[in-house]
Amino acid sequence: MTTLSFEFFPTKTDEGTEKLLKVRDELAAFNPEFFSVTYGAGGSTRDRTYAIVKAIQERGIAAAPHLSCVGDSTADLRSILKEYQDLGIDRIVALRGDLPSGSGLANSELRFANELVEFIRNETGDHFKLEVAAYPEMHPQATNFEQDLQNFVNKVKAGADSAITQYFFNADSYFYFVDRVQAMGVDIPIIPGIMPITNYSKLARFSDSCGAEIPRWIRKQLEAYGDNSESIQQFGEDVITDMCRRLLDGGAPGIHFYTLNQSEASLRVWRNLV
Ligand code: FAD
């Protein structure tokens with residue numbers, strides 16, 4: 001069975017939340033396995049993440065809060081886990097997180113995602129299904145690809161049930177990553193994280209910071225469209241649909257959409273696939 005999930009980020013205003021709840025309802029019609037909601041490292045969105053998670057859960061769909069460990073004390077993490085257990089949440093996306101530059105990792109009790117996975121397992125046993133992040137094109141701060149693969153394997157061994165990848169535009173990087181970690185003993189599902197293409201300048205900025213490569217042929221085409229957003233969206237839909245089809249045909253167990261709190265672009269791709 002192909003799984004489907006959608007990612008949101010917590011909104012800042014009541015108006016934004018109202019819009020997001022409409023998006024939630026549009027996407028809910030496609031029976032996703034869960035909606036995940038990001039978390040600002042150091043607890044910066046703690047209450048807002050919780051509020052959106054609650055609003056999703058109330059609609060009768062599973063919500064998976066993201067939780068990161070850098071900048072949060074273990075006491076804070078323990079109390080967040082308790083809040084989510086009380087709310088009936090049974091899935092968490094467990095991450096290291098990214099603190100603003102300059103803050104460093106030095107003061108964090110837990111410094112890497114494998115330590116957070118271990119902490120959650122020690123605190124709550126098997127209550128939560130734990131998702132972790134995977135980087136087919138290598139994490140941007142990793143010292144080298146082999147070490148990054150080993151660090152991923154360590155996270156899985158610490159107790160992760162499933163993984164979601166950083167987005168990418170090259171299906172081969174996904175297949176290579178999966179082959180390599182499977183050869184190292186990993187047997188959990190690794191779900192491709194998919195970023196629909198809707199706006200070139202934002203995508204380029206974001207991709208630089210998270211280490212996702214936009215292939216030259218895609219970049220050049222998007223640049224050539226300039227402000228023609230209709231052409232960008234049509235091209236984006238075609239490129240992403242083709243890539244998703246290849247991923248699913250090649251054995252990817254599902255698709256996780258980075259929605260950026262919009263329904264349209266993800267749904268256009270998903271409808272082409274089913
Ligand atoms: P880790 O797995 O800990 O890896 C981080 C880096 O450290 C890697 O380079 C790894 O190779 C290295 N490493 C791992 N273990 C060790 C070790 N023991 N010793 C030395 N080096 C090690 N960020 C947020 O702030 N909030 C979110 O909600 C959020 N959601 C995300 C969802 C997904 C699906 C993805 C892919 C990313 C998300 N991020 C989020 C971004 C993520 O927090 C950053 O990419 C962060 O830099 C790494 O997080 P991680 O959990 O992959 O860390």
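Further up the page is the structure itself.
Quick look at the structure, then. Bear in mind that the values here come from a model prediction, so they are computed numbers and not experimental data.

**Remarks on the overall build of the protein chain**
In terms of regular secondary structure, the protein chain is built from 10 helices and nine strands. Here the C-alpha radius of gyration of the protein chain, 18 Å, is about what a compact globule of 274 residues would show, namely 19 Å. With respect to the principal axes defined by its C-alpha atoms, the protein chain has extents near 50 × 45 × 40 Å. Looking at the protein chain as a whole, 49% of its 274 residues qualify as buried. Across the protein chain, the fraction of contacts at a sequence separation of at least 24, relative to all contacts at a separation of at least 6, is 78%. For the protein chain, the exposed surface amounts to about 13100 Å²; the carbon and sulfur share of it is 46%. Side-chain charges in the protein chain split into 27 positive and 38 negative, and the spacing between the mean points of these groups amounts to 2 Å.

**Comments concerning unusual backbone geometry**
You will see that leucine 260, though not glycine, has its phi angle at about 55°, which is positive. Along the chain, leucine 260 turns up in the loop between β9 (254-258) and α10 (264-273). The exposure class of leucine 260 is partly exposed, given its relative accessible area of 44%. Not every positive phi belongs to a glycine, and asparagine 261 is a case in point at roughly 65°. Here asparagine 261 is to be found in the loop between β9 and α10. Given a relative accessible area of 10%, asparagine 261 falls into the buried group.

**Remarks on the sheet that holds strand β6 (residues 162-165)**
The strand order across the open sheet formed by nine strands is β7-β6-β5-β4-β3-β2-β1-β9-β8, and the pairing between neighbours is parallel. Each having just a single partner strand, β7 (190-191) and β8 (193-194) make up the two edges of the open sheet. Where strand β2 (residues 34-37) and strand β3 (residues 63-68) come together, three bridges link them in parallel fashion. Its bridge partner lying in β3, serine 36 is registered against alanine 64. Contacts between helix α4 (residues 113-124) and the sheet are confined to β3, β4 (91-95) and β5 (129-134), with β4 contributing the most and set at about 145° to the helix.

**Quick notes on the packing of aromatic side chains**
What describes a pair of aromatic rings is the distance from one ring centre to the other and the angle between the planes of the rings. Within the structure shown, the criterion is met by 14 aromatic pairs. With a centroid separation of 5.7 Å and an interplanar angle of 65°, the aromatic rings of tyrosine 167 and phenylalanine 169 are classed as edge-to-face. Accessibility expressed as a relative area gives 2% for tyrosine 167, which makes it buried. Here the aromatic residues Phe6, Phe8, Phe35, Phe257 and Trp270 are joined through ring pairs into a cluster of three or more.

**Describing the nonpolar core**
One recurring pattern in soluble globular proteins: nonpolar side chains tend to sit buried together. Ranked by size, the top nonpolar core spans 82 residues in total, and within it Phe152, Ile190 and Leu247 carry the most contacts. With seven residues, the top contributor of residues to this core is helix α9 (residues 229-249). Apart from the residues lying within four places of it in its own chain, the contact partners of phenylalanine 152 are Val132, Ala133, Ala134, Ala163, Phe177, Val181, Val186 and Ile190.

**Thoughts on the environment of phenylalanine 8**
Residue position: phenylalanine 8 is located in strand β1 (residues 3-8). Considered as a pair, phenylalanine 8 and proline 65 are 57 residues apart in the sequence and their alpha carbons are 9.7 Å apart. In contact with phenylalanine 8, not counting residues within four places along its chain, are Leu20, Val23, Arg24, Leu27, Phe35, Ser36, Val37, Thr38, Ile56, Thr259 and Asn261.

Definitions and limits used
- Residues numbered from 1 in each chain as written.
- Predicted model: local features only at pLDDT ≥ 70, side-chain atom pairs only at ≥ 80, totals over all residues.
- Heavy atoms only, no water.
- Helix = DSSP H or I, 4+ residues; strand = E, 2+ residues; numbered from the N terminus.
- Rg over C-alpha atoms; globule rule 2.2 N^0.38 Å.
- Buried < 20%, exposed > 50% of the residue type's maximum accessible area, 1.4 Å probe, protein only.
- Contact = heavy atoms within 4.5 Å.
- Areas by Shrake-Rupley, 256 points an atom, 1.4 Å probe, with all protein chains shown as cover.
- Lys, Arg positive; Asp, Glu negative; His and termini not counted.
- Charge placed at Lys NZ, Arg CZ, Asp CG, Glu CD.
- Pairing = 2+ DSSP bridges.
- Axes fitted to C-alpha atoms, helices over the stretch in contact; angles between N-to-C directions.
- Phe/Tyr/Trp six-rings, centres within 6.5 Å; stacked < 30°, edge-to-face > 60°.
- Core = buried A, V, L, I, M, F, W, Y, C linked by side-chain atoms within 4.5 Å.

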